[in-house]
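# A look at the structure
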Amino acid sequence: MAQFAAFGGYFVGVVLLFLVRLCVFLLVVAAVLIGMVPILVLIDLLDGGSGWGLCPSGIELCERPYTTGAELLIMLGLVLFLIVLGIRLLMRLARHLRDDTYQVVQ
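The rules we used
- Residues numbered from 1 in each chain as written.
- Predicted model: local features only at pLDDT ≥ 70, side-chain atom pairs only at ≥ 80, totals over all residues.
- Heavy atoms only, no water.
- Core = buried A, V, L, I, M, F, W, Y, C linked by side-chain atoms within 4.5 Å.
- Buried < 20%, exposed > 50% of the residue type's maximum accessible area, 1.4 Å probe, protein only.
- Helix = DSSP H or I, 4+ residues; strand = E, 2+ residues; numbered from the N terminus.
- Contact = heavy atoms within 4.5 Å.

### A closer look at the nonpolar core
- With 16 residues, the main nonpolar core has V20 and I83 as its most contacted residues.
- Those elements giving two or more residues to this core turn out to be α1 (2-46) and α2 (67-101).
- Per-element tally for this core: the top contributor is α1, with 8 residues.
- With residues up to four places along the chain from it excluded, the contact list for I83 reads L27, A30, A31 and I34.

### Observations concerning the environment of L76
- Mapped onto the elements, L76 comes out in helix α2.
- Residue L76 is classed as buried on the basis of its relative accessible area, which comes to 17%.
- For the pair L76 and P38, spaced 38 residues apart in the sequence, the C-alpha separation amounts to 8.8 Å.
- For L76, the residues in contact, after removing those within four places along its chain, are I34, V37 and P38.

In structure tokens:
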């Protein structure tokens, strides 16, 4: 019976490791998408758009042309920092789970 309990613990560890790695993958995808936001905003502004709401009346009539970009940069930088922190913590958890999963059970 103890052999089956050890196998169940191993299986749970493997599933947890998979879920942690899946979360890391999703955070990496989110970081890449956040990194693409500034270029997409600039492309929208160049095409005569509102820059995703940054300048509702277009670039010529933008109310705060100098601070809008800085605000966007600060917000995206903060979110990117939090995502990288989350990836780092999840990778540390994955390493810990992996070390516990591959131990010899007596």
